[in-house]
Number of protein chains: 2
Amino acid sequence: MARIVMKFGGTSMAGSERIRRVAGIVKRQQEAGHEVAVVVSAMAGETDRLVNFCREANALYDPAEYDVVVASGEQVTSGLLALTLQSMGCKARSWLGWQVPIKTDDAHAKARIEDIDSDAVIASMAAGEIAVIPGFQGVSPDNRVTTLGRGGSDTSAVAVAAAVKADRCDIYTDVDGVYTTDPRIVAKARKLPLVTYEEMLELASVGSKVLQTRSVSLAMKENVRVQVLSSFIDENAPAADTIPGTLIVSDEELANSNLEGSDMERQLITGIAADKNEAKVTLTRIADRPGAVASIFAPLAEANINVDMIIQNVAKDKGETDVTFTVPQADLARAQALLEERKDAIGYYRMIAEGNVAKISVVGVGMRSHAGVAATMFKTLADRGINIIAISTSEIKVSVLIDTDETELAVRVLHTAYGLDAAA
Amino acid sequence: MARIVMKFGGTSMAGSERIRRVAGIVKRQQEAGHEVAVVVSAMAGETDRLVNFCREANALYDPAEYDVVVASGEQVTSGLLALTLQSMGCKARSWLGWQVPIKTDDAHAKARIEDIDSDAVIASMAAGEIAVIPGFQGVSPDNRVTTLGRGGSDTSAVAVAAAVKADRCDIYTDVDGVYTTDPRIVAKARKLPLVTYEEMLELASVGSKVLQTRSVSLAMKENVRVQVLSSFIDENAPAADTIPGTLIVSDEELANSNLEGSDMERQLITGIAADKNEAKVTLTRIADRPGAVASIFAPLAEANINVDMIIQNVAKDKGETDVTFTVPQADLARAQALLEERKDAIGYYRMIAEGNVAKISVVGVGMRSHAGVAATMFKTLADRGINIIAISTSEIKVSVLIDTDETELAVRVLHTAYGLDAAA
């Protein structure tokens, strides 16, 4: 017997028929002997409808009242799923954010979960009742409804899993797991049975939008085993003991596990991610003195512009240097304006901005102990004539910046070079 | 300065534009110097939509989960009205049922309000904030969402008004007040400036469905002054000091008031109501012994069938009697089945059921001190050849049962006979 938290998104909850499918999947887990809690999103389209009402009511809406309105979408689906489970003979009840309670801070519309009192929910689950919990919502210290920001239901599910000490948090999505790369780009992409939190973070933050990054960080912090799997499975099939999706675990569990995908033959590289939403800024001829670089990045940080790769060229003989860095494309105009304002303070000669760049990353915990990963990457790209604009590396990732037009080509040749292609 | 609770129904809350109209009306009251709380219904059609979802999920739905789903409709409109008021420069916040809290019993889907902790709401109103409260919803002793049953928002409004010790509870509807009779039947029907709780109860329970009967009973019990008025007033007009609708007050206030409509010239009869949803049952030749009548009505009461008029004919020489009574048409078939089953136990000879009857009532607190009200009624109807099947009287009402086909004629001639017709 295990304790399992299951999470279903808006597509899975869109209408009575789909909710019935979900209830079937949930029931199978209970019948397999597990204690089950379910975290649900609002029906697809509902949150947008409610957000529109708020905008019509007040363009500059008060986030506290916005939360009251938009949290209702998940309230509805949690009640409906409880009703549907009951109609199938299961004991079930809904637990709204304030009932659990899921305590958050008071940053309405983007609240952070601070604590979950799980005693009542655990007791209810232990008594054979399926706990149905609306995602996305919580309650503030002064007893008002809060929401976690769009897509927050993944985070709710992981937080609930941590609070009830679940053996696993199953996130049902419209894909059946995490792939070595985007299958729309590489037909031979393979589903990964096992990835680590860090790998998932790197893969998610560079474009594989299977899970909210925030939920993966929380899972890593709380050591919650997360499985990503498809909600389009046969709800009449018995609950499998094997893992049909991708399991996301800690380094330790990966090392000690005998699960499929954890063995010695695990590839050095887990996956390849591409992110086209990057823009590059170069400031030329900055004085090579302490504090010069800080004067560039401090104002960007203050303006909440996320700087990713930073490359400082070797100082030239004149005591000057060029600094190149990337920001999200959406923030490029704001970044340029900020730096233009501070041209004299920073003391650069020219600003060169380029929106047309993509970041390609090879990711894998295995590379920590293996030299040559970066070398393979550079050689592979060079062989195909792909120009590398910038490079950055972390313990489990090597990223390069290239021309956007060459994204798909780069991903394909790297996928082959690292031996990730599925057998024909 | 007064403290006023305003209530708006689903038609008034259906969509952003109408909510803006409502906000305009509310704002005027605040600008007139009043402390204001607003109770709102869900958008027209929304509760039906949510009820349908529940039915699709589970035909025999758990009322506790049903409440979670359907209460969301008022949650949405309360948030949206608060946002809209804010956009007009008013301070406003929503107070959900569990936040106030509005404490009810645990009879889900038909809960009764037990207590309202009004301190926080009163403090907020005193600070110039408009309190927006979803109607229809509350919280049970074990902290679950409850609803009061369809149409419960009127009751919510009166209960809130009692709890915050409001000077008045204004119920905005799609009519502009309470009339002497249904204006669709009698073109010369007049709007009443003032009626008593008891008159309103008699008028409401016999067909003038302006207010929920339950809300009027509560207003009487808590002595809340209720005004019924139209939500289709000009929201840009300044808040009037006069009462544009119909004010519903206690006997004492009516007697001591110098409000229009309370003077000596107030008509003896306040209004005339018609109810076509009656059915008549006659049981013939029942033994005229103690307990015989009880054996008829006890099983009907147990089955929650509401018996209204009861007429027992003069005992005949054989020690036998006929008993006639009325039940709601919707319950007639059930009543017949129950009585058929118990034919021997009750000991009647024949059961005669008739669905085709209407109850016409003349209502007025003035009739207490005036003889002749009933006599006028009987003579007026007899003059037009309308046959009276049965009669019942209370302190402030005389009702007769007649053939349904003669309903409109009866109402018109009585309206004229009691001097209720508006001046041409």
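Residues numbered from 1 in each chain as written. Chains lettered and ligands numbered in written order. Predicted model: local features only at pLDDT ≥ 70, side-chain atom pairs only at ≥ 80, totals over all residues. Heavy atoms only, no water.

- Going by what an unreviewed UniProt entry lists, chain A is known as Aspartokinase and is assigned to Novosphingobium guangzhouense.
- In its Sequence similarities (unreviewed entry) section, the UniProt entry covering chain A states "Belongs to the aspartokinase family."
- Under the UniProt heading Catalytic activity (unreviewed entry), the entry covering chain A gives this text: "L-aspartate + ATP = 4-phospho-L-aspartate + ADP". (UniProt positions renumbered as here; feature names shortened; annotations may be inferred.)

## Examining the domain arrangement of chain A
Residues and elements named next belong to chain A.
Here comes step 1: What the domain assignment reports for chain A is domain 1 (3-256) and domain 2 (271-417).
Here comes step 2: The gap between the C-alpha centroids of domain 1 and domain 2 is 34 Å.
Here comes step 3: Contacts between the two partners involve 18 residues from domain 1 and, on the opposite side, 18 residues from domain 2.
Here comes step 4: Summing both sides of the interface, domain 1 and domain 2 together bury roughly 1,400 Å²; the carbon and sulfur share of this comes to 61%.
Here comes step 5: Where domain 1 touches domain 2, the interface holds 1 salt bridge. (Domains from an automatic or database assignment. Contact = heavy atoms within 4.5 Å. Buried area = accessible area lost by both parts, 1.4 Å probe. Salt bridge = Lys/Arg side-chain N within 4 Å of Asp/Glu carboxyl O.)

## Focus: the packing of aromatic side chains
Here comes step 1: Overall, the coordinates contain 7 aromatic pairs over all chains when judged by the stated rule.
Here comes step 2: Centre to centre, the rings of Trp-98 of chain A and Trp-98 of chain B are 4.2 Å apart; their planes meet at 5°, and the pair counts as stacked. Of this pair, Trp-98 of chain A sits in the loop between β3 (92-94) and β4 (102-104) while Trp-98 of chain B sits in the loop between β3 (92-94) and β4 (102-104), on two different chains.
Here comes step 3: Classification of Trp-98 of chain A by relative accessible area gives buried; the value is 11%.
Here comes step 4: Seen in terms of ring centroids, Tyr-61 of chain B and Tyr-66 of chain B are 4.8 Å apart; in terms of plane orientation they differ by 10°. Their pairing is stacked.
Here comes step 5: Look at Tyr-61 of chain B and you get partly exposed, because its relative accessible area is 25%.
Here comes step 6: Judged by relative accessible area, Tyr-66 of chain B falls into the buried class, the value being 7%.
Here comes step 7: Across the ring face of Tyr-349 of chain A, the terminal group of Arg-285 of chain A is positioned such that the distance to the ring centre comes to 4.6 Å.
Here comes step 8: The positively charged end of Arg-93 of chain B is found above the aromatic ring belonging to Trp-95 of chain B, 3.7 Å away from the centroid. (Phe/Tyr/Trp six-rings, centres within 6.5 Å; stacked < 30°, edge-to-face > 60°. Helix = DSSP H or I, 4+ residues; strand = E, 2+ residues; numbered from the N terminus. Buried < 20%, exposed > 50% of the residue type's maximum accessible area, 1.4 Å probe, protein only. Lys NZ or Arg CZ within 6 Å of the ring centre and 35° of its normal.)

## Focus: the UniProt feature "binding site: substrate" (unreviewed entry) in chain A
Residues and elements named next belong to chain A.
Here comes step 1: Taking the UniProt record as the reference, the feature "binding site: substrate" (unreviewed entry) is found at Thr-47 and Glu-74. Taking the farthest pair of C-alpha atoms as the criterion, the annotated set spanning 28 residues converges on one region, since that pair is 8.7 Å apart.
Here comes step 2: Here Thr-47 is to be found in helix α2 (residues 46-57).
Here comes step 3: Its relative accessible area of 10% is what places Thr-47 among the buried residues.
Here comes step 4: Relative to the elements of secondary structure, Glu-74 occurs in helix α4 (residues 72-87).
Here comes step 5: On the basis of relative accessibility, which here comes to 3%, the residue Glu-74 falls in the buried class.
Here comes step 6: With residues near it in sequence (within four places) discarded, Glu-74 still touches Val-40, Ser-41, Ala-42, Thr-47, Pro-134, Gly-135, Phe-136, Gln-137 and Ser-153.

## Re the sheet that holds strand β15 (residues 320-328) of chain A
Two pairing modes exist for strands in a sheet, parallel and antiparallel, and in both the strands are linked by backbone hydrogen bonds.
Residue and element names in this part refer to chain A.
Here comes step 1: Spatial strand order, β14-β15-β13-β16-β18-β17: 6 strands in an open sheet with antiparallel pairing. Since the sheet does not close on itself, it has two edges, and those belong to β14 (310-312) and β17 (390-394), each with one partner. Sheet twist, expressed as the mean angle between neighbouring strand axes with direction ignored, is 30°.
Here comes step 2: Inspection of the sheet shows strand β16 (residues 350-363) paired to strand β18 (residues 397-403) by 7 bridges, in the antiparallel sense. Looking at β18, one finds that Val-357 is bridged to Asp-403.
Here comes step 3: Relative to β16, helix α11 (residues 332-341) is tilted by about 135°, and along the sheet it contacts β13 (271-287), β15 and β16. (Pairing = 2+ DSSP bridges. Axes fitted to C-alpha atoms, helices over the stretch in contact; angles between N-to-C directions.)

## Some details on the relation of the copies chain A and chain B
Copies of the same chain, two in number, are related to each other by a rotation about an axis and a translation along it.
Here comes step 1: When chain A is fitted to chain B, the residual RMSD is 0.1 Å, and the transformation amounts to a turn of 179° plus an axial shift of 0.0 Å. The two molecules are tied by a two-fold rotation axis, judged by turn and shift. Distance from the rotation axis, computed per C-alpha, reaches its smallest value in chain A at Ser-72 of chain A: 2.7 Å.
Here comes step 2: The share of interface residues of chain A whose copies in chain B are also at the interface is 100%, consistent with both copies meeting through the same surface. (Least-squares fit on C-alpha atoms with pLDDT ≥ 70 in both.)

## Description of the interface of chain A and chain B
Here comes step 1: Across the contact, 38 residues belong to chain A and 38 residues belong to chain B.
Here comes step 2: Taking both partners together, chain A and chain B bury about 3,200 Å²; carbon and sulfur atoms supply 57% of that area.
Here comes step 3: Three residues, Glu-65, Leu-83 and Trp-98 of chain A, lead the burial of chain A against chain B; their summed loss comes to 19% of the area buried on that side.
Here comes step 4: Taken together, the links from chain A to chain B amount to 2 salt bridges.
Here comes step 5: Note that Glu-46 of chain A is salt-bridged to Arg-49 of chain B, the shortest N-O span being 3.7 Å.

## With respect to the packing of α2 of chain A against helix α4 (residues 72-87) of chain B
Here comes step 1: At a closest axis distance of 8 Å, the pairing of α2 of chain A and α4 of chain B adopts a crossing angle of 25°. By the criterion of interaxial angle, the relationship of α2 of chain A to α4 of chain B is roughly parallel. Residues Leu-50, Phe-53, Cys-54 and Ala-57 of chain A of α2 of chain A form the contact with α4 of chain B, whose own contacting residues are Val-76, Leu-80, Leu-83, Thr-84 and Ser-87 of chain B.
Here comes step 2: The residue inventory of the contact of α2 of chain A with α4 of chain B, partitioned by class, reads 7 nonpolar, 2 polar and no charged. (Parallel < 35°, antiparallel > 145°, perpendicular 65-115°, else oblique. Nonpolar A, V, L, I, M, F, W, Y, C, P; charged D, E, K, R; others polar.)

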